[in-house]
Amino acid sequence: MSSGFKSYKILSIDTSCDETSASVTNGLKILSNIQPSQMKIHSEFGGVVPSLAKLEHKKKIHKVVDRALKQSGTDITQLDAIAVTYGPGLAIALEIGINKAKEIANQITKPLITINHMEGHLLSSFGQRNAINNHLKDNTESKDLLHSYDIKFPNLGILVSGGHSEFILVKDFCEYEKIGETLDDSCGECFDKCARIMGIGYPGGPVISDFAKRNRKNIKIEFFRKNTSLYARVLSINRQTILPEMVLPVPMSNSGDFNLSFSGLKTAFSDLYKKISEKQKINKEIVMSLSNLIEAVAYKQICMKIEKILENYSINEIWLGGGVVASSKFRSTVRAMSRQHNLTLRFPFSKRLTTDNAAMIGIAANFRLNKFGFDGIKHGIYVNSKDFDLIDRDPSLSL
Ligand code: KG4
Ligand code: ZN
């Protein structure tokens, strides 16, 4: 795709969950990426409440779009296309973004490009900083910004968020096959639930990450097998500290497929927490150790499946996307594996591109336009925005 790769100026919108986000991208350059979070509203409920999310989207959407245009210095007439997330997500939330996108596309008679939210996460690593983006903090670990688009395929997309945990075989840009996914809850959802059990805040992923980091050097996570199943336990490095027994099973450790499971892990964590709290008061040290344990077990499961995939496909690159990629522990775990296998690892240059945002939708739309041109209605590109009326909450390929 490198030769003649064209850059289009795209206004994109994502309202799939609890972020009302709008962005202007020029090709892969992010000119603005507005993401006001509804976190405070939902945190008191410990999860996203769809009706409240819809109300907030409705309240904010017009202002957010205006800010995205203004911050990028773009007049609406300069846009080549409008892109919007059509699914997966909360139907009543998606609807707000779709209606706004259709309205603008119709107003300026420009094409509407409908994008699968997961394709956005998958291609989020290709987003590039623009001089204007002083507000996008650099992710110093991501030095491998893409300069050439001569990419060898197939590649492996690993998408880990609050709603999804899946493995995508990328045969080419815009040509995907889902080869594995969680059979129940997602990894991020599991972290959110475990954090709620410990009463340490919402969303759980970043809080657990934080607690885990604080005493990583004082403990060791040991993996061991019992009756062929894999388990992990916390060992204290400091002999003066006596910790209660903390053991969790690594789910799916014996399954031959590329699927994941996090629901049993949530239950095992809840039982373990209950057992410990019946015997003693839960202190910070225990919370930090439990955070390390849940993180280690969740990432171990994912890594075991990556190993399995690498045995079965000759993969060239690994692309990470989704909220959980904000975790430095997750990135360093996958990085170690990709080095071992001599693979290129890509992940977004900023944490703000890992969580839900509209810029990734604009980037995906730019790839689609390059591949299919402006008349690719069966690829989600609508010259007349009125032709689009489909919200797909759970697209079969999720991509
Ligand atoms: O991609 P995202 O913003 O929303 C969905 O599309 O689901 O992902 C949100 C998820 C939440 O479950 C959150 O707990 C998790 O990503 N997350 C993290 C971290 N930051 C966010 N998980 C682990 N470590 C983090 N630093
Ligand atoms: Zn997402």
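Quick note: structure is the one above.
Residues numbered from 1 in each chain as written. Chains lettered and ligands numbered in written order. Predicted model: local features only at pLDDT ≥ 70, side-chain atom pairs only at ≥ 80, totals over all residues. Heavy atoms only, no water.

(A) How the structure looks around the coordination of the zinc ion (ligand 2). The coordination sphere of the zinc ion (ligand 2) contains the protein donors His117 (NE2), His121 (NE2) and Asp356 (OD), at a distance range of 2.0 to 2.1 Å. Every donor counted, the four donor atoms about the zinc ion (ligand 2) form angles of 92 to 142° at the centre, which fits irregular coordination. Here the donor residues of the zinc ion (ligand 2) are spaced in sequence according to H-x3-H-x234-D. In this pair, His121 sits in helix 4 (residues 117–123) while Asp356 sits in the loop between strand 14 (344–346) and helix 10 (359–372), placing the two residues 235 residues apart along the sequence. (Donors = N, O, S within 2.8 Å, 3.2 Å for Na, K, Ca; no water. Tetrahedral: all angles 85-135°; square planar, octahedral: opposite > 155°, others 65-115°. Helix = DSSP H or I, 4+ residues; strand = E, 2+ residues; numbered from the N terminus.)

(B) Local environment of the site of ligand 1. Close to ligand 1 lie 23 residues, the nearest being Gly162, Gly163, Asp192, Gly205 and Asp356. Here an oxygen atom of ligand 1 and a side-chain polar atom of Asp192 are 2.7 Å apart. In the model, an oxygen atom of ligand 1 is placed 3.0 Å from a nitrogen or oxygen of the Asp356 side chain. Its free accessible area being 550 Å², ligand 1 has 88% of it covered by the protein chains. Only helix 4, helix 5 (187–198) and helix 6 (204–214) provide two or more residues apiece to the shell around ligand 1. Here the residues of the shell around ligand 1 sort into six nonpolar, 14 polar and three charged. (Near = heavy atom within 4 Å. Polar contact = N/O pair within 3.5 Å; in protein donor to acceptor, adjacent residues only side chain to side chain. Areas by Shrake-Rupley, 256 points an atom, 1.4 Å probe, with all protein chains shown as cover. Nonpolar A, V, L, I, M, F, W, Y, C, P; charged D, E, K, R; others polar.)

(C) Structural detail: the sheet that holds strand 11 (residues 229–236). Strand order in the open sheet formed by three strands is 10-11-12, with antiparallel pairing between adjacent strands. Each edge of the sheet is formed by a strand with only one pairing partner; in this case those strands are strand 10 (219–226) and strand 12 (247–249). The sheet shows a mean angle of 25° between the axes of neighbouring strands, taken without regard to direction. Bridge analysis of strand 10 against strand 11 gives eight bridges, and the strand direction is antiparallel. Across the sheet, residue Phe223 finds its bridge partner in strand 11, namely Ala232. Here helix 8 (residues 284–312) sits on the sheet in contact with strand 10, strand 11 and strand 12, set at roughly 50° to strand 10. (Pairing = 2+ DSSP bridges. Axes fitted to C-alpha atoms, helices over the stretch in contact; angles between N-to-C directions. Contact = heavy atoms within 4.5 Å.)

(D) Up close: the sheet that holds strand 1 (residues 9–14). Spatially, seven strands are ordered 6-3-2-1-4-5-15 in an open sheet, and the strand pairing comes out mixed. In the strand order of this sheet, the two ends are held by strand 6 (128–129) and strand 15 (381–382), each with one partner. Looking at chain direction, strand 2 (residues 21–26) and strand 3 (residues 29–34) are connected through five bridges and run antiparallel. When the sheet's bridge partners are listed, Thr25 is paired in strand 3 with Ile30. Where helix 2 (residues 50–72) meets the sheet, its contacts fall on strand 1, strand 2 and strand 3, and the angle it forms with strand 3 comes to roughly 145°. This element, helix 3 (residues 91–108), spans strand 1, strand 4 (81–87) and strand 5 (112–116) of the sheet and lies at about 160° to strand 4.

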